[in-house]
Amino acid sequence: MEYYRSQVLICTGTGCSSSNSPAIIKRFEECIRNAGLENEIKVVRTGCFGLCENGPICIVYPEGAFYSHIKVDDVERIVSEHLVKGRVVADLLYKKSVTEDGKIRSLEEIDFYKKQKRVALRNCGVIDPENINEYIAFDGYKALAKALTEMSRDDVIDVILKSGLRGRGGAGFPTGLKWKFAKAPESDVKYVCCNADEGDPGAFMDRSVLEGDPHSVLEAMAIAGYAIGSQQGYIYVRAEYPIAVKRLRIAIDQAREAGLLGKDIFGTGFNFDIDLRLGSGAFVCGEETALMTSIEGCRGEPRPRPPFPAIKGLFGKPTILNNVETLANVCQIILNGPEWFASMGTEKSKGTKVFALGGKINNTGLVEIPMGTTLREIIYDIGGGIPNGKKFKAAQTGGPSGGCIPAEHLDIPIDYDNLIAIGSMMGSGGMIVMDEDNCMVNIAKFFLEFTVDESCGKCPPCRIGTRRMLEILDRITHGKGEDGDIEKLEKLAKNIKASALCGLGQTAPNPVLSTLRYFRDEYEAHIYEKRCPAGVCKALLSYAIDPEKCRGCSLCARNCPAGAISGQVRSPFVIDNKKCIKCGACEASCKFGAIVKR
Amino acid sequence: MRSIQELEAIRESTLENMTLRKEHNGTRIVVGMATCGIAAGARGVLTAFMEELAERKLIHVALTQMGCIGMCHLEPIVEVHQPGHETVTYVKVTPDMARRIVREHIEGGSPIEEYTLSHYRAK
């Protein structure tokens, strides 16, 4: 038996990888070898720990020492002090993981993790995703074994139905029902598809699951295949996720080699295999019918439903499509029972939800919370609040299909139905936090720009309608808004929602509608007062020099690229607003704080 | 994979190497690994502990190091912490003693009085 007295776990998710964790791992291995400790200490590459803000992250066991923001140069010290002499390098530890008297807190006691409940992310940051045995060690493929040997196909569907699991891709359709619909039709061929075409700006939940625990998705797909009577699965994943794609490939190969995918799994006569299909990053391909069209090798465009995929899906055969996070819950439900899963969450939304926290928040990262947790708990207790003492203005959930939740709804328990009631939606789990410096009209414009770019062009309401809306927003943010613009936006939004072909178009007006609902005053300030309250929309800003503070040093005039500032040295300068291009160079260069933005 | 037994075998053998990553609150063996400890041969003691623990599959025992506790002349010093028991401090430990500590104290449950600090002091 191999025995290691210490294990060094290092995150190799996309976040930590981009801040150099591969080089850090190399250095660790080098230093450990130089110290002659390679038989005593094991370096383990794991998936995401969630606290991406503090990456690269490394945890050393058995002490559980949580090192954050490590650099390649720090590694030698960790090895020579901690691993050789047993002295934890205190100044490199994540500050919140150390108690006042210098003791190391266990992960569950750290604020960021305290209120979390990791079900879909249970193995992320714990196992080596490129080693199938580590997945098996934590009960991997046990759920598949249980389903194949102890449960009928109806039993499996029944358990998923009873658990109350709803689709984590955004719409929240009951997963068990989807499986039931796809089991019903008689067909020689059926398909199981995994939607890993995560595309919302700021969302990275599915990527982290695929990078940190790819087998949990493969196993769940095989269970789904057994339940509906399918032998072939496809994972549709973005080519922009190279680490996820690589780990999926390794995982599929290892599962095939172990006989957990392929023919006669566990000697039960059940055959199931999975192939990858890479998407080139078109947002619309996250829509189920467009995704299937893309797998078929055609241009990714949606088609009207019905017929629903459960009846006529991929290659015209009955098909189920489940999101990555949905699948990541399945094995745990089979193993622990539907009652266990249903004990978490709210009445109509069971279980947990993973959110990717981003924007103006201290702990940017990945969190998994039981449904029903309030926004306030997520942002302040787990997320650590807003940086620089700024005030919370809104949280955007659901990406370009969702909406903004204002401060007045901070205490609403988060679940599918509550979010819809307040004009947003769960979406796939992106959560972008905004503070007082964000202009809500500009935010709405940002999301609409995204949908205009990503509209596939098949149906006119989405192709033309969203563009017209964007033009109006563009005018408003450029100080050319007119009376009646708000009403026009509302009318267009209503029509697009009612008539667009697919989910992308039907939800595209949501960011505008929800900001209009809660921040109508900001729209009005832009249109009627030609003023941007947050000071973001450049066209509505004007710069001036405070003559009291100006010393006449001429630095601003020398830095102005438009030659808009003039004056005599040692007396106050002035800005010519006709020439000013509002670049802010004067403000950045002034040493006396004399430039005022209005 | 032909059988669930096969899956279970992989699970058990891999888990042995992963228990370290779970929260630890069981037995802990701590070896003094400051300069004084290393000079007195603590390295060999640590290795002996590792080998003996591995051989006896005592995977739930954590093996860590500590710095100098001020009794450099008694190094290598080894402490055994067990929940619900008083900490036992062994002094001038050799690799052979380490192996015996694993067998008799960790596995057998009875501390080896003649190796302890209190015994040394009483001499």
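Residues numbered from 1 in each chain as written. Chains lettered and ligands numbered in written order. Predicted model: local features only at pLDDT ≥ 70, side-chain atom pairs only at ≥ 80, totals over all residues. Heavy atoms only, no water.

Turning our eyes to something else, we now look at the overall build of chain B. For chain B, the helix and strand inventory stands at five helices and four strands. Helices (α) and strands (β) of chain B occur, in sequence order from the N terminus, as α-β-α-α-β-β-β-α-α. Projected onto its principal axes, the C-alpha coordinates of chain B cover approximately 60 × 30 × 25 Å. Of all 123 residues assigned to chain B, the portion counted as buried reaches 50%. Across chain B, contacts joining residues at least 24 apart in sequence account for 62% of those joining residues at least 6 apart. Of the roughly 6000 Å² that chain B leaves accessible, carbon and sulfur atoms contribute 50%. Seen as two clouds, the 14 positive and the 16 negative side-chain charges of chain B have centres 3 Å apart. (Helix = DSSP H or I, 4+ residues; strand = E, 2+ residues; numbered from the N terminus. Buried < 20%, exposed > 50% of the residue type's maximum accessible area, 1.4 Å probe, protein only. Contact = heavy atoms within 4.5 Å. Areas by Shrake-Rupley, 256 points an atom, 1.4 Å probe, with all protein chains shown as cover. Lys, Arg positive; Asp, Glu negative; His and termini not counted. Charge placed at Lys NZ, Arg CZ, Asp CG, Glu CD.)

Right, let's talk about the interface of chain B and chain A for a bit. Of the residues lining the interface, 35 residues belong to chain B; the matching set on chain A comes to 45 residues. Regarding the contact of chain B and chain A, the summed buried area is about 3400 Å², with carbon and sulfur atoms giving 59% of it. The interface formed by chain B and chain A contains two salt bridges. Between A:Asp139 and B:Arg11 there is a salt bridge, and its shortest N-O distance comes to 3.4 Å. (Buried area = accessible area lost by both parts, 1.4 Å probe. Salt bridge = Lys/Arg side-chain N within 4 Å of Asp/Glu carboxyl O.)

Taken as a whole, this structure holds 47 salt bridges over all chains when the rule is applied. A salt bridge links A:Asp158 to A:Lys162, with the nearest nitrogen and oxygen atoms 3.6 Å apart. Separated by four residues within a single helix, A:Asp158 and A:Lys162 lie in helix H7 (residues 153-163), roughly one turn from each other. Close ionic contact of A:Arg238 with A:Glu240 constitutes a salt bridge, the shortest N to O distance being 3.3 Å. Its relative accessible area of 43% is what places A:Glu240 among the partly exposed residues. Linked by salt bridges that have partners in common, B:Glu51, B:Glu52, B:Arg56, B:Arg99, B:Arg103 and B:Glu107 make up one network.

Confidence in the prediction of chain A, expressed as mean pLDDT, is 94, and 100% of residues score 70 or more. Put simply, strand S18 (residues 595-597) of chain A is where chain A has its lowest mean pLDDT, 87, and helix H10 (residues 214-228) of chain A is where it has its highest, 98. (pLDDT = per-residue confidence, 0-100.)

Attention now goes to the sheet that holds strand S13 (residues 403-406) of chain A. All names here are of chain A. Spatial strand order, S11-S10-S14-S12-S13: five strands in an open sheet with mixed pairing. Two strands in the sheet have a free side with no partner beyond their single neighbour: strand S11 (365-370) and S13. Taken pair by pair, the neighbouring strands of this sheet meet at an average axis angle of 30 degrees, ignoring direction. One ladder, built from six bridges, connects strand S10 (residues 352-359) with S11; its direction is antiparallel. Residue pairing in the sheet places Ala356 in a bridge with Leu366 of S11. (Pairing = 2+ DSSP bridges. Axes fitted to C-alpha atoms, helices over the stretch in contact; angles between N-to-C directions.)

We now examine the side chain of A:Asp128. Topologically, A:Asp128 is positioned in the loop between helix H4 (111-114) and helix H5 (132-137). No salt bridge is formed by the buried A:Asp128. Its closest oppositely charged neighbour is A:Arg247, at 6.2 Å. A polar contact of 2.9 Å, which involves the side chain of A:Asp128, links it to the backbone nitrogen of A:Glu130. Contact partners of A:Asp128, with chain neighbours within four places excluded, come to A:Val44, A:Arg45, A:Glu134 and B:Arg21. (Polar contact = N/O pair within 3.5 Å; in protein donor to acceptor, adjacent residues only side chain to side chain.)

The next point concerns the nonpolar core. Membership of the largest hydrophobic core comes to 76 residues, with the highest contact counts inside it found for A:Tyr141, A:Trp179, A:Leu218, A:Ile223 and A:Ile235. The greatest single-element share of this core, amounting to ten residues, is contributed by H10(A). No fewer than three residues from each of domain 2 (132-342) and domain 3 (352-435) of chain A sit in this core. Apart from the residues lying within four places of it in its own chain, the contact partners of A:Tyr141 are A:Ile132, A:Tyr135, A:Ile136, A:His215, A:Leu218, A:Glu219, A:Ala255, A:Leu260, A:Phe266 and B:Leu7. (Core = buried A, V, L, I, M, F, W, Y, C linked by side-chain atoms within 4.5 Å. Domains from an automatic or database assignment.)

Next up on the list: the sheet that holds strand S2 (residues 62-66) of chain B. Residues and elements named next belong to chain B. In space, the four strands of this open sheet follow the order S2-S1-S3-S4, with mixed pairing throughout. Whereas interior strands pair on both sides, the edge strands pair on one side only; in this sheet they are S2 and strand S4 (88-90). Neighbour-to-neighbour, the strand axes of the sheet open up by a mean angle of 20 degrees, direction not taken into account.

This paragraph deals with the packing of aromatic side chains. Residues and elements named next belong to chain A. Across all of its chains, the model carries twelve aromatic pairs over all chains by this definition. On the basis of an interplanar angle of 40 degrees and a centroid distance of 5.9 Å, the ring pair of Tyr191 and Tyr234 is categorised as tilted. Highlighted residues: Tyr191 in strand S5 (residues 191-196) and Tyr234 in strand S6 (residues 232-238), separated in sequence by 43 residues. An aromatic cluster of three or more residues is present, and its members are Tyr191, Tyr234 and Phe315. One residue, Arg207, lies across the ring of Tyr241, its end atom 5.8 Å from the ring centre. Its end group placed over the ring of Phe355, Lys353 keeps NZ or CZ at 5.8 Å from the ring centre. (Phe/Tyr/Trp six-rings, centres within 6.5 Å; stacked < 30°, edge-to-face > 60°. Lys NZ or Arg CZ within 6 Å of the ring centre and 35° of its normal.)

Residues and elements named next belong to chain A. In contact at an axis separation of 11 Å, helix H18 (residues 460-477) and helix H21 (residues 510-528) are set at 35 degrees when each is read in the N-to-C sense. Residue-level contacts link Met469, Leu473, Ile476 and Thr477 of H18 to Val512, Tyr523, His526 and Ile527 of H21. Classifying every residue of the contact of H18 with H21 by side-chain character gives six nonpolar, two polar and no charged. (Nonpolar A, V, L, I, M, F, W, Y, C, P; charged D, E, K, R; others polar.)

All right, on to unusual backbone geometry then. Residue A:Pro56 is reached from A:Gly55 by a cis peptide bond, and omega for that bond is -10 degrees. The peptide bond linking A:Pro306 to A:Pro307 adopts the cis configuration, its omega dihedral lying at 5 degrees. On the secondary structure map, A:Pro307 appears in the loop between helix H12 (288-295) and strand S9 (319-323). Backbone geometry at A:Ser554 places phi at a positive 75 degrees, although glycine is not the residue there. Here A:Ser554 lies in the loop between strand S15 (543-545) and helix H22 (555-559). Of the residues examined, A:Ser554 reaches a relative accessible area of 15% and is grouped as buried. Its identity as a non-glycine residue notwithstanding, B:Lys92 has a phi of 45 degrees, on the positive side. In this fold, B:Lys92 is placed in the loop between S4 and helix H4 (95-107).

This part covers helix H3 (residues 75-85) of chain A. Three or more residues of H3(A) are buried, namely A:Val75, A:Ile78, A:Val79, A:His82, A:Leu83 and A:Val84. Two residues or fewer past H3(A), A:Gly86 is found with a positive phi of approximately 80 degrees.

Regions with low pLDDT should not have their predicted coordinates read in detail. Taken over all residues, the pLDDT of chain B has a mean of 88, while the share at 70 or more is 97%. The complex model carries a pTM of 0.90, and its ipTM stands at 0.83.

Let's shift gears to the domain arrangement of chain A. Residue and element names in this part refer to chain A. Annotation of chain A at the domain level lists domain 1 (6-109), domain 2 (132-342), domain 3 (352-435), domain 4 (440-528) and domain 5 (542-597). Here domain 1 and domain 2 have C-alpha centroids that lie 34 Å from each other. Taken together, the ten residues of domain 1 in the interface contact eight residues of domain 2. Roughly 550 Å² is buried in total at the junction of domain 1 and domain 2, and carbon and sulfur atoms are behind 49% of that figure. Counting the surface domain 1 buries against domain 2, the share from its top three residues, Thr12, Thr14 and Cys48, is 54%. Taken together, the connections running from domain 1 to domain 2 amount to zero salt bridges. Counting across the domain 1 and domain 2 interface gives three residue pairs in polar contact (both at pLDDT 80 or more). For the side of domain 1 that touches domain 2, the secondary structure elements donating two or more residues are helix H1 (14-18) and strand S2 (41-46). Partitioning the side of domain 1 that touches domain 2 into residue classes produces three nonpolar, six polar and one charged.

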